[in-house]
Amino acid sequence: LDIAYKKNPIKNVQTLNFTAIIQDDLREETKKAVYEHLHHEAIATIIKELTAIRRFSRYLNEHKKNVQSCADLDRTIIEEYLVYMKTEDTGTKKYRAEITRLRSILNMVADIYQYPQVKDLILNRDIPPNIRSEFKVYSDAELKRFNEFLAKVDIQTARVMTIHQMLGTRISDTLTLRTDCLMEQNGEILIRIYQMKTHYYEKPISQELAALIREAIRYTEERYGKCKYIFTNEND
């Protein structure tokens, strides 16, 4: 593609499939929109956009056969689709995210092809507010069993899961810690954490956690030489 797109080292995506978009014109419009989004969006986001447009394409094929292009869309069609999503199509559990991704694709198509009537067909009020997440709490007995298991696995797996607990990050953030992630500032040890969909951030950590991370780095470099990431796959 000749683009410096945002790869995800945790999930190696090699293919973006457009074949399930039924309408020829809509498929070509989506390809150009995705190409533009690849310049600044993460691959995981692109995949969700394609999921949203495929579902929309199936709906159009079943209920609006005269619609072959985004240029054929109007507010009435969108409203009917939103009702359909709420009442008949139970295939998605993340309604808010899917509508947001669909809007993103449609707006990009509107910009590329100069379809002013398509821009912002999906309104802010169409997208429900975020539902507050309910934090899951593990019992002391569950944590004890988990940590007993860590004593039985290989040392680097035990390290990564212990570091993961102590950092409190997403697992993808822990698995992509880099070998240059530690630094000192004003007597504190800071760790730099890269998030897949956004940018990096830094936070202070304890001496004990820093020592554990340094030991994980030493383990990796002894076996595989200089690496970008601390936790490596032996096959790659």
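The notes below deal with the structure included here. (Residues numbered from 1 in each chain as written. Predicted model: local features only at pLDDT ≥ 70, side-chain atom pairs only at ≥ 80, totals over all residues. Heavy atoms only, no water.)

1. Here's the deal with the sheet that holds strand β3 (residues 200-205)
Move 1: Overall, antiparallel pairing links the three strands, which are arranged β1-β2-β3 in an open sheet. In this open sheet, the two edge strands, each paired with only one partner strand, are β1 (182-185) and β3. On average, each strand axis in the sheet is inclined to that of its neighbour by 35 degrees, with strand direction left out of account.
Move 2: Note: strand β2 (residues 188-194) against β3, six bridges, orientation antiparallel. Bridge pairing in β3 places Y194 opposite Y200. (Pairing = 2+ DSSP bridges. Helix = DSSP H or I, 4+ residues; strand = E, 2+ residues; numbered from the N terminus. Axes fitted to C-alpha atoms, helices over the stretch in contact; angles between N-to-C directions.)

2. With respect to the packing of aromatic side chains
Move 1: Enumeration according to the criterion identifies six aromatic pairs in this entry.
Move 2: Relative to Y81, the ring of F56 lies with its centre 4.8 Å away and its plane at 65 degrees, an arrangement referred to as edge-to-face. Here the residue F56 occupies a position in helix α2 (residues 43-63), and Y81 occupies one in helix α3 (residues 75-87), the gap between them amounting to 25 residues.
Move 3: We classify F56 as buried; its relative accessible area is 0%.
Move 4: Put simply, the rings of F56, Y59, Y81 and Y84 touch in pairs and so form one group of aromatic residues.
Move 5: Above the ring of Y95, the side-chain terminus of K86 is found at 4.5 Å from the ring centroid. (Phe/Tyr/Trp six-rings, centres within 6.5 Å; stacked < 30°, edge-to-face > 60°. Buried < 20%, exposed > 50% of the residue type's maximum accessible area, 1.4 Å probe, protein only. Lys NZ or Arg CZ within 6 Å of the ring centre and 35° of its normal.)

3. Details of the nonpolar core
Move 1: Within the largest apolar cluster, 37 residues are counted, with the highest numbers of intra-cluster contacts made by I53, F56, L60, L73, L102 and L106.
Move 2: If you list the elements that add at least two residues to this core, you get α1 (24-37), α2, α3 and α4 (95-113).
Move 3: Setting aside chain neighbours within four positions, we find L60 in contact with Q23, L26, K65, V67, L73 and I77.
Move 4: Listed in part, the 17 residues of the second largest apolar core include V160, I163, L177 and L182. (Core = buried A, V, L, I, M, F, W, Y, C linked by side-chain atoms within 4.5 Å. Contact = heavy atoms within 4.5 Å.)

4. Some words on the environment of Y35
Move 1: Residue position: Y35 is located in helix α1.
Move 2: On the basis of relative accessible area, Y35 is assigned to the partly exposed category, the value being 36%.
Move 3: Sequence spacing of Y35 and K11 is 24 residues, and the spatial spacing of their C-alpha atoms is 20 Å.

5. Some details on the packing of α3 against α4
Move 1: Interaxial distance between α3 and α4 falls to 11 Å at its minimum, and their mutual angle equals 155 degrees. Taken as axis vectors, α3 and α4 run roughly antiparallel relative to one another. Read as a crossing pair, α3 and α4 show a hand that is right-handed. Between α3, through I78, Y81, L82, M85 and K86, and α4, the contact on the second element is made entirely by Y95, E98, I99, L102 and L106. (Parallel < 35°, antiparallel > 145°, perpendicular 65-115°, else oblique. Left-handed = near helix turned anticlockwise from the far one by under 90°.)

Note that all results are geometric; they support no functional claim without further evidence.
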